[in-house]
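One-letter residues, chain by chain:
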Amino acid sequence: MVTRRLALSDQEEAVLLFGPHDKNIKEIERRFGVQVFVRPSDRLNEGGLTLAVRGNPKPVEQAVSTLTEMKRSALLGRRQGGRVESVDVPAAGLPRAAAAPADAVLMSVTGHAVRPRSANQKAYVKALQEKDMVFGIGPAGTGKTYLAVACAVSALERGVVSRIILTRPVVEAGEKLGFLPGDFYEKVHPYLKPLYDAFHSMVGAERFRAMRDEETIEIVPLAYMRGRTLDDAFAILDEAQNTTPEQMKMFLTRMGNGSRMAITGDVTQIDLDTQSRSGLVVIQDVLKSVSDVAFVWFSDTDVVRHPLIQKILKAYDQWDARGKTP
């Protein structure tokens, strides 16, 4: 990864390059698979700005070259005394990132295709694209949350939904959130970090922060969902095995008009106390006859992390089968 910078003279030039609703910058990011963000200039007291372009070396050079051409067009128009309303991304001669595979759900900010790799993952993505409520159940590393986030981002970019909401149950181990240091985000950040990581790889850290600040993306603990109605949203409940049946019911009944829901979890990794039943276990029986709800079950053959993960999972299965004896 490299970062190249392009100096801008003032806010007006930045507005011209970014275009209405930042459409030019989004187009540059999409075509080249780079991240583009603005920073204050290093030149003190000059009020200038700097565009930073981050990504793989060749796409970064192509993006900077295109931005430089756009900047030159804006400067020429201003020098000629005319009022320049906007500058468009050049259509001709603009190299694009590699064409997306036919089965790609989304192209990440670095230009990589996010796509299903196993039969179960393909069934899962198909269900997420066609059903309003989908449950993905299986072991760690099978892409349950990652693919759900990709489908949510894709739905947002296509205008199918207007926002994304992600939530997790906060299963505490001795400490209460109220006694932990920091503000709200700092308190819950360790619980929600995997969701942040997924977004960073798909839209980039800078764009993710902007979308979060604008509440286009909202990531909250499950306890804060009570009383809400989620209209026109793609909502994802992660680590659902750690919900109680009551919490699961509360979340599912938040669904509003024009919304979709994805619920993911691993019923072999329940962290609830032994007195509590898992909402993810119970819901499979509750909704088994509801045709509009899809359940997709994953196995260790769907693991897409390091190949060693599959061997570890199989070793645990064999250990369980022996009765956990040395």
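Only a predicted model underlies this, so the values are computations on that prediction, with no experimental measurement involved.

Here the focus is the overall build of the protein. Helices and strands together make up the secondary structure of the protein, namely 10 helices and 11 strands. Counted over contacts in the protein with a minimum sequence separation of 6, partners at least 24 positions apart contribute 70%. Accessible area of the protein: about 17,600 Å², with a carbon and sulfur share of 51%.

Before going further, it helps to examine the packing of aromatic side chains. Inspection of the entire model under this criterion finds six aromatic pairs. A centroid spacing of 5.2 Å and a plane angle of 85° characterise the contact between Tyr-124 and Phe-298, whose relative ring orientation is edge-to-face. Separated by 174 residues along the polypeptide, Tyr-124 in helix α4 (residues 119–130) and Phe-298 in the loop between β11 (293–297) and α10 (307–321) bring together distant segments of the chain. Neither residue differs from the other here; Tyr-124 and Phe-298 are each classed as buried. Considering the side-chain rings of Phe-199 and Phe-208, the 5.5 Å spacing of their centres and the 25° angle between planes classify their relative orientation as stacked. An identical accessibility class is assigned to Phe-199 and Phe-208; each is buried.

What follows concerns the pattern of salt bridges. Under the definition given, this model contains seven salt bridges. Across the salt bridge formed by Asp-238 and Arg-168, the nearest N and O atoms sit 2.8 Å from each other. Residue Asp-238 is found in the loop between β9 (233–237) and α8 (245–252), and its partner Arg-168 is found in strand β7 (residues 163–168); the two are separated by 70 residues along the sequence. Accessibility expressed as a relative area gives 4% for Asp-238, which makes it buried. Each of Arg-168, Asp-238 and Glu-239 takes part in one network of salt bridges that share partners.

Here the focus is the nonpolar core. Residues Leu-166, Phe-199, Ile-219 and Phe-234 are the most contacted members of the largest nonpolar core, which totals 37 residues. Looking at this core, the elements that each hand over two or more residues are α4, α5 (144–157), β7, α6 (184–203), α7 (205–213), β8 (217–221), β9 and β11. If you tally residues by element for this core, the top one is α5, at nine residues. Discounting residues that sit within four places of it in the chain, Phe-234 has contacts with Leu-128, Ala-148, Cys-151, Ala-152, Ala-155, Val-161, Arg-163, Ile-164, Ile-165, Arg-260 and Ala-262. By size, the runner-up hydrophobic cluster in this structure holds 23 residues, among which are Ile-137, Ala-235, Phe-251 and Leu-280.

Turning next to the pairing of strand β10 (residues 260–265). Moving residue by residue along a regular strand, the side chains alternate between the two faces of the sheet. Where burial is concerned, most of β10 is hidden: six out of the six residues are buried. Here β10 shows no split at all, with Arg-260, Ala-262 and Thr-264 on one side and Met-261, Ile-263 and Gly-265 on the other all buried. Two strands pair when backbone bridges link them, and strand β6 (residues 133–137) and β10 are joined in this way by five bridges, in the parallel orientation. Across the sheet, residue Ile-137 finds its bridge partner in β10, namely Gly-265. Bridging between β9 and β10 involves four bridges; their strand directions are parallel. The residue bridging Ile-236 from the neighbouring strand is Ala-262, located in β10. With α8 bridging β9 and the parallel β10, this β-α-β connection has right-handed handedness.

Taken N-terminus to C-terminus, the directions of α8 and helix α9 (residues 279–286) make an angle of 65°; their axes are 8 Å apart at the nearest point. Handedness of the crossing formed by α8 with α9: right-handed. Judged by residue contacts, Pro-245, Met-248 and Leu-252 of α8 engage Gly-279, Leu-280, Val-282 and Ile-283 from α9.

Let us now look at α9. Within the sequence span of α9, burial applies to Gly-279, Leu-280 and Ile-283. All buried residues of α9 lie within an arc of 90° about the axis, which places them on one face of the element. Where the residues of α9 are buried, they touch β6, α8, β10 and β11. Two or three places before Leu-280, at the start of α9, stands the capping residue Ser-278, its side-chain oxygen 3.2 Å from that residue's backbone nitrogen.

Turning our attention to the confidence of the model for the protein. Per-residue confidence for the protein gives a mean pLDDT of 81, with 80% of residues at or over 70. Confidence, expressed as mean pLDDT per element, reaches its minimum in the protein at α6 with 74 and its maximum at β6 with 98.

Rules of the game
Residues numbered from 1 in each chain as written. Predicted model: local features only at pLDDT ≥ 70, side-chain atom pairs only at ≥ 80, totals over all residues. Heavy atoms only, no water. Helix = DSSP H or I, 4+ residues; strand = E, 2+ residues; numbered from the N terminus. Contact = heavy atoms within 4.5 Å. Areas by Shrake-Rupley, 256 points an atom, 1.4 Å probe, with all protein chains shown as cover. Phe/Tyr/Trp six-rings, centres within 6.5 Å; stacked < 30°, edge-to-face > 60°. Buried < 20%, exposed > 50% of the residue type's maximum accessible area, 1.4 Å probe, protein only. Salt bridge = Lys/Arg side-chain N within 4 Å of Asp/Glu carboxyl O. Core = buried A, V, L, I, M, F, W, Y, C linked by side-chain atoms within 4.5 Å. Pairing = 2+ DSSP bridges. Right-handed = clockwise from strand over helix to strand, strands pointing away. Axes fitted to C-alpha atoms, helices over the stretch in contact; angles between N-to-C directions. Left-handed = near helix turned anticlockwise from the far one by under 90°. Arc of directions from axis to C-beta. Polar contact = N/O pair within 3.5 Å; in protein donor to acceptor, adjacent residues only side chain to side chain. pLDDT = per-residue confidence, 0-100.

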